[in-house]
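Architecture at a glance
Residues per chain, in single letters:
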Amino acid sequence: MKVNIKNCNNIDIGEFDIDEGRLNIKYAINGTGKSTISKAIDAFANNDEEKKNSLLPFKYYGNNGEKTPELTGCNHIKKVAIFNEKYIEDYVFQQTDLLKNSFEIFVKTEDYEKHIREIEKLLDGINVTFQNHPELDTLIKEFQQFIEGFGKAKSGYSAAGAIGKGIGKGNKIDNIPEGLEVFEPYLTNGDNFKWIKWQIEGKHYLDMADQCPYCSGAVNETRETILKVSEEYDAKSIEQLNKMLEVFENLMPYFSDETISKMKEIMKNVAGITSVQKNYLLEIKGQVDGILQQLFGLKNMGFHSLKNAEKIADELKKYKIDLAYYSHLNSELSQEKVNIINKTLDEVLGKAGKLQGEIAQQKKVIKTTVEMYSTEINEFLHYAGYKYQVSIEEEKDSTEYHLVLKHIDGEENVQIVNEHLSYGERNAFALVLFMYNALKEEPDLVILDDPISSFDGNKKFAIINMLFMGKRSLKDRTVLLLTHEFSTVIDAIYNMPYNFNPVPKAAFLTTKDGVLCEKGITKQNIKSFGEIARINMDSDIDSLNKLVYLRRLLEIQNVDGLVWQLLSNVFHKRKEPEYHYSNGTPNRLMTKNEIEEATKEIQTKYFDDFDYSKEYQKTQDNELLKELYKNSGSNYEKLQIYRIMFNDNSSNSVIKKFVNEAFHIENDYLFQLNPCEYDTVPQYIIDECDAEVLAD
């Protein structure tokens, strides 16, 4: 697909290709707009107006909508997975999990889902029972509220719990203290706790005047009664009392007649709960908790609750309720509900054999899946040289699985991953985990935004191998890899293109004056520096630039003899050539014989018309150099002319360093792109050179 982009950050207009079903590598120097391309595709694929607006170049702010970001040619791309810093921040290295949603990615496979559906089908009768009898859910909720009312204490009863606070010191709603009968309508009202809170909060106004702050009558006669409310009551206790009385009332039909009688006695007590009554309540609590656990287990019955059972039939029988063991709950209504539940369980027990088989199959699926993913990731970590391993572990008392990290020298899980991993290790983990996430999500396009710039050689190969050559990898997917690392292009296009299937495509991106262009990179474009030097030395570029390539060729061959010395003098514009020693010996003039010998070698091996005096004279003619600069066909040639013109006199130290390094051996790659064909020199460097060379 041919993608057109307009008005996005530093890109005013541009075009690039993405071949579907293969790896597309876009190689570009920093500042070209790689991340802009990634953000634009993401914004338009998701139709995110906020993200689209954020792409608008600053120069178009306030233009009343005359210029807007545009992206066309990839309208069918609706789902994009992007690996960048934000992905690492949002999804990787969670507190208890190496990857967010690792259960869905590594365990919840199609086979897993298939067996879960079969198991749920066999247990469907239980779900239907709860659907047809919603009062069972209500009963579970009220049982839970009853147990929660006891609070948290080792003894099982806490004075700070709802029961302790509400009726622990007596029920003062049914037993209104003497002298407060006048307030009975308020104390027995459903909102009594709100009235009590209002009454207590207003009592400090009593001392402000002789009038009652509530009724404006004489306060002397009612002060004692008003104050007694706060002595006998507090709003929170009454609120808890109301809550527990409602729970008790709702549960009464499930209690036996004898239990109901004693419960009412306890609820209406005057002096507070006695130790005997407390033990009685704890006995009821134990039975309620027993049935609650059976109901709760039944409602949530599934693969995870049954997987550890040796015999499914025996496990199912544990959920059958026998009210003979629950004397406090042995009522007619309880028996009715228990019969419904036990009948459902009998139906499920009839399918126990098939259920046992499905659960066994599911356990096998999980074991196989977990081992497969763990092995793949750990092999990658081993061959990449990382001293870590991962495992996929089931969370205790949960249906979830988590991907955890371990050091090979330790047994415990690494808890705070970011504190233990280096920047490169973090990125490596993140990138591999992203791949598995992308495989699960199946996006239309995968974008890798400068993913492997922080890795050394063996780790880069291990990652590329994992991402694009493994059995489970991104091969056959539409992938856009944006990078400023040329080694990625060398590996994919030159060294091992046929290890990829299909063969990747690569291109070089440049952005000049807001125009984004791309130029394809094939295996034939990737050459050793020796080849590049000879091609350019045989071309029609100016002789000064040809000599630059010759000098660099000699450098890369570690030849620093007389030819190298003589060429160096050309570029340093010395009328009388000097011999420079590298061991600290003082420099001297080259002898006539040395100059003649070097000249003869250059003429014999490289340029038969070489003449030192002629080349020197060219370096002295700034008008000639300026014309050469203007007419140069590539930024790299401009850079060489600039360096000769200004030598060490540039006022900008950054430009000076860049020029000097580019003039010599600019990198240690065995293979390169020809800088006369691919503009690998940043435009901002050339802009600075233009400012000095072309200044009036």
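Residues numbered from 1 in each chain as written. Predicted model: local features only at pLDDT ≥ 70, side-chain atom pairs only at ≥ 80, totals over all residues. Heavy atoms only, no water.

Before going further, it helps to examine the sheet that holds strand 9 (residues 479–483). The nine strands lie next to each other as 4-1-2-11-10-3-9-8-5, forming an open sheet whose pairing is mixed. Each edge of the sheet is formed by a strand with only one pairing partner; in this case those strands are strand 4 (70–72) and strand 5 (80–83). Each strand axis lies, on average, 20 degrees off the axis of its neighbour in the sheet, ignoring direction. (Pairing = 2+ DSSP bridges. Helix = DSSP H or I, 4+ residues; strand = E, 2+ residues; numbered from the N terminus. Axes fitted to C-alpha atoms, helices over the stretch in contact; angles between N-to-C directions.)

Time to look at the pattern of salt bridges. Oppositely charged side chains are able to pair whenever their charged atoms sit close together. Tallied over the full model, the rule gives 26 salt bridges. Lys-505 is paired through a salt bridge with Asp-19; the nearest N and O atoms lie 3.7 Å apart. With Lys-505 in strand 10 (residues 505–512) and Asp-19 in the loop between strand 2 (11–17) and strand 3 (23–27), this residue pair connects regions lying 486 residues apart in the sequence. Accessibility expressed as a relative area gives 23% for Asp-19, which makes it partly exposed. Here Glu-601 ties to Lys-605 by a salt bridge, and the two come within 3.3 Å at their closest N and O atoms. Within this pair, Glu-601 and its partner Lys-605 are both found in helix 26 (residues 592–605), separated by four residues, close to a single helical turn. When salt bridges that share partners are traced, they join Lys-2, Glu-15 and Asp-17 into one network. (Salt bridge = Lys/Arg side-chain N within 4 Å of Asp/Glu carboxyl O. Buried < 20%, exposed > 50% of the residue type's maximum accessible area, 1.4 Å probe, protein only.)

Along the chain, Asn-501 connects to Pro-502 via a cis peptide bond; the corresponding omega equals 5 degrees. Positive phi, close to 70 degrees, is recorded for Asp-476, a residue that is not glycine. Relative to the elements of secondary structure, Asp-476 occurs in the loop between helix 21 (457–468) and strand 9. The exposed category is assigned to Asp-476, whose relative accessible area is 53%.

Our next topic: the pairing of strand 2. Note that strand 1 (residues 2–8) and strand 2 share six bridges and pair antiparallel. Following the sheet pairing, Ile-5 is matched in strand 2 by Gly-14. The turn linking strand 1 back onto strand 2 is made up of two residues, and Asn-9 within it adopts a positive phi angle of 50 degrees. In this structure, strand 2 lies alongside strand 11 (residues 515–521), joined through two bridges in parallel fashion. From the neighbouring strand, Ile-13 faces strand 11, where its bridge partner is Val-515.

Our next topic: the packing of aromatic side chains. Tallied over the entire structure, the rule returns 18 aromatic pairs. Note on Phe-106 and Tyr-373: the rings are 5.1 Å apart at their centroids and 70 degrees apart in plane angle, and the pair reads as edge-to-face. Note that Phe-106 is positioned in helix 4 (residues 102–106) and Tyr-373 in helix 18 (residues 352–383), a separation of 267 residues in sequence. Of the residues examined, Phe-106 reaches a relative accessible area of 0% and is grouped as buried. Ring geometry for Phe-150 versus Tyr-157: centroids 6.5 Å apart, planes at 80 degrees, classification edge-to-face. Over the ring of Tyr-373 we find Arg-472, and its NZ or CZ is 5.9 Å from the ring centre. Taking the ring centre of Tyr-579 as reference, the NZ or CZ of Arg-588 above it sits at 4.6 Å. (Phe/Tyr/Trp six-rings, centres within 6.5 Å; stacked < 30°, edge-to-face > 60°. Lys NZ or Arg CZ within 6 Å of the ring centre and 35° of its normal.)

In this structure, Phe-106, Phe-146, Phe-380, Tyr-436, Leu-448 and Phe-468 are the most contacted members of the largest nonpolar core, which totals 126 residues. At eleven residues, the largest contribution of residues to this core is made by helix 20 (residues 423–441). Not counting chain neighbours up to four residues away, the residues in contact with Tyr-436 comprise Ile-105, Phe-106, Tyr-373, Glu-376, Ile-377 and Met-466. Formed by 42 residues, the second largest nonpolar core is a distinct cluster that contains Leu-562, Leu-566, Cys-676 and Ile-686. (Core = buried A, V, L, I, M, F, W, Y, C linked by side-chain atoms within 4.5 Å. Contact = heavy atoms within 4.5 Å.)

Turning our attention to the side chain of Lys-26. Structurally, the position occupied by Lys-26 is in strand 3. Separated by 2.6 Å, the side chain of Lys-26 and the backbone oxygen of Asp-17 make a polar contact. Those residues within four positions of Lys-26 in sequence are excluded, and the remaining contacts are Asp-17, Lys-34, Leu-480, Leu-481, Leu-482, Thr-483, Ala-507, Leu-509 and Glu-518. (Polar contact = N/O pair within 3.5 Å; in protein donor to acceptor, adjacent residues only side chain to side chain.)

A separate point is the pairing of strand 9. Burial runs high along strand 9: five of the five residues are buried. Alternating positions in strand 9 separate into two faces, Val-479, Leu-481 and Thr-483 on one and Leu-480 and Leu-482 on the other, with burial throughout. Bridging between strand 3 and strand 9 involves five bridges; their strand directions are parallel. Residue pairing across strands places Lys-26 opposite Leu-482, the latter belonging to strand 9.

Our next topic: the environment of Ala-506. Mapped onto the elements of the fold, Ala-506 is located in strand 10. With sequence-adjacent residues up to four places away left out, Ala-506 is seen in contact with Ile-25, Val-489, Ile-493, Gly-520 and Ile-521.

Axis separation between helix 25 (residues 562–571) and helix 26 bottoms out at 9 Å; the angle between their running directions is 95 degrees. With respect to each other, helix 25 and helix 26 are oriented roughly perpendicular. Contacts between helix 25 and helix 26 involve Leu-562, Val-563, Leu-566 and Leu-567 from the first element and Glu-594, Ile-595, Glu-597, Ala-598, Thr-599, Glu-601 and Ile-602 from the second. (Parallel < 35°, antiparallel > 145°, perpendicular 65-115°, else oblique.)

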